[in-house]
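Structural overview for review
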Amino acid sequence: MPKRVRVALVTGATRGIGYNVGKEIVKRMPLTTTYLTSRVNVAGFQAILGMQLGAAARDRAKFVRMDVRDLEAVNGMKEKIVKTFGGLDILVNNAGIYHVPDKSLSVFPKQVQEILGINYWGTKNVIGSFFPHFKPHSRIVNITSNLGHIMSVKSMEDELKEALRLRFNSCSNEFELDGLLLKFQRDAIQGTWRKEGWPSCGYTVSKMAINAYTRILQTQFDEDDREDVVVNAVYPCTKHSKIDQSDMKILDDEEGAKFVFYMAAVKPNSHGVFPRGAVIWNNSRVVDNRDGYTYNNKHQQQLPLEIEQV
């Protein structure tokens, strides 16, 4: 029986961890067509990948310009993939943006709007568009960050940190989570975000939201009885030039991409040992974000993953 052709989509895939994740999928899964998207010009990337992996690999990689904030563009990509392949097998949501926090009332609301627009609402655009079209045994990876951890918030008292953690953990569905994020955006515009118990870092809030959304999304898949569709949030621990990662064991982009690939290519029906709706750090540590993190996971044992070699 011939192996089935699969299709993968990686957003934010023209540099860093996103490019390397796409490259790993193309290299390791020769029967998979991989779409690599970016909101910037993608000209030349297919040729570069071909030089790195060979002409055959170049033919399996499709670089496409797509801004995750543009729902029309996202739906166009969905329609193309569904028409050609019948659905999606692998989705890696890497598209994101970070701004060094500026607490001035003239800048911070704009930062929040742009960060949430890409990191949270953009991720939801992609998942929402493909939601009915994830094939059985699909794998979804949402890239998260160490800044999505409550311990990364340095300027808040412990009581406020706990209240913030509970805000996200108490969201039982995406409508409640959306409402929470809309409140943060309103509070930022009104200049009351600190008074309302928010940190002064839009990126932190966006990644806390992604972690919560991942948990909620897995519950939705399970309640809909979708066959072995699994989503996890993964922090690959790769270097970010603007973020303090002094407490973390940092990997280069290629090593971080290998782990993201593992999470995106694990064999079907392995959910007895494979995490579902979890937040995963440092290539090994599985965390249910309702129970808290182990912040520095440098010595944790790796997960016993089985990878589908197709």
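Not measured: the values here are computed from a predicted model.

1. What to know about the pattern of salt bridges
Applying the stated criterion across every chain yields a total of 14 salt bridges. A salt bridge links Glu-255 to Lys-258; the nearest nitrogen and oxygen atoms lie 3.3 Å apart. Taken together, the positions of Glu-255 and Lys-258, both in helix H10 (residues 253-264) and 3 residues apart, correspond to about one turn of that helix. We classify Lys-258 as partly exposed; its relative accessible area is 29%. Put simply, Arg-139, Asp-222, Asp-228 and Arg-276 are held in one network by salt bridges that share partners.

2. Quick notes on the packing of aromatic side chains
To describe a pair of aromatic rings, you give the distance between the ring centres and the angle between the ring planes. Counted by the stated rule, this structure contains 14 aromatic pairs. Aromatic pair Tyr-35 and Phe-85: ring centres 6.4 Å apart, planes at 80 degrees, arrangement edge-to-face. With a gap of 50 residues between them, Tyr-35 in strand S2 (residues 32-38) and Phe-85 in helix H4 (residues 71-85) connect regions that are remote in the sequence. With 5.9 Å between their ring centres and 90 degrees between their planes, Phe-134 and Phe-221 make a pair best called edge-to-face. With Phe-134 in strand S5 (residues 134-143) and Phe-221 in helix H9 (residues 202-223), the pair connects residues that are 87 residues apart, well separated along the chain. With respect to class, Phe-134 is no different from Phe-221; both count as buried. An aromatic cluster is present here, built from Phe-108, Phe-168, Phe-184, Trp-193 and Trp-198 joined pairwise through their rings.

3. Digging into the environment of Ser-145
Mapped onto the elements, Ser-145 comes out in the loop between S5 and helix H7 (158-169). Taking the C-alpha atoms as reference points, Ser-145 and Tyr-235, separated by 90 residues in sequence, lie 5.1 Å from one another.

4. Topic: the packing of helix H1 (residues 16-28) against H10
For any two helices packed against each other, one specifies the inter-axial angle together with the distance between the axes. Running from N to C, H1 and H10 point in directions that differ by 60 degrees, and their axes come no closer than 8 Å. Looking at the two axes, H1 sits oblique to H10. Viewed along their axes, H1 and H10 form a crossing whose handedness is right-handed. Between H1 and H10, the contacting residues are Gly-16, Ile-17, Asn-20, Val-21, Lys-23, Glu-24, Ile-25 and Arg-28 on the first element and Asp-253, Glu-254, Gly-256, Ala-257, Lys-258, Val-260, Phe-261 and Tyr-262 on the second. Of the residues in the contact of H1 with H10, the class split is 7 nonpolar, 3 polar and 6 charged.

Calculation notes
Residues numbered from 1 in each chain as written. Predicted model: local features only at pLDDT ≥ 70, side-chain atom pairs only at ≥ 80, totals over all residues. Heavy atoms only, no water. Salt bridge = Lys/Arg side-chain N within 4 Å of Asp/Glu carboxyl O. Helix = DSSP H or I, 4+ residues; strand = E, 2+ residues; numbered from the N terminus. Buried < 20%, exposed > 50% of the residue type's maximum accessible area, 1.4 Å probe, protein only. Phe/Tyr/Trp six-rings, centres within 6.5 Å; stacked < 30°, edge-to-face > 60°. Axes fitted to C-alpha atoms, helices over the stretch in contact; angles between N-to-C directions. Parallel < 35°, antiparallel > 145°, perpendicular 65-115°, else oblique. Left-handed = near helix turned anticlockwise from the far one by under 90°. Contact = heavy atoms within 4.5 Å. Nonpolar A, V, L, I, M, F, W, Y, C, P; charged D, E, K, R; others polar.

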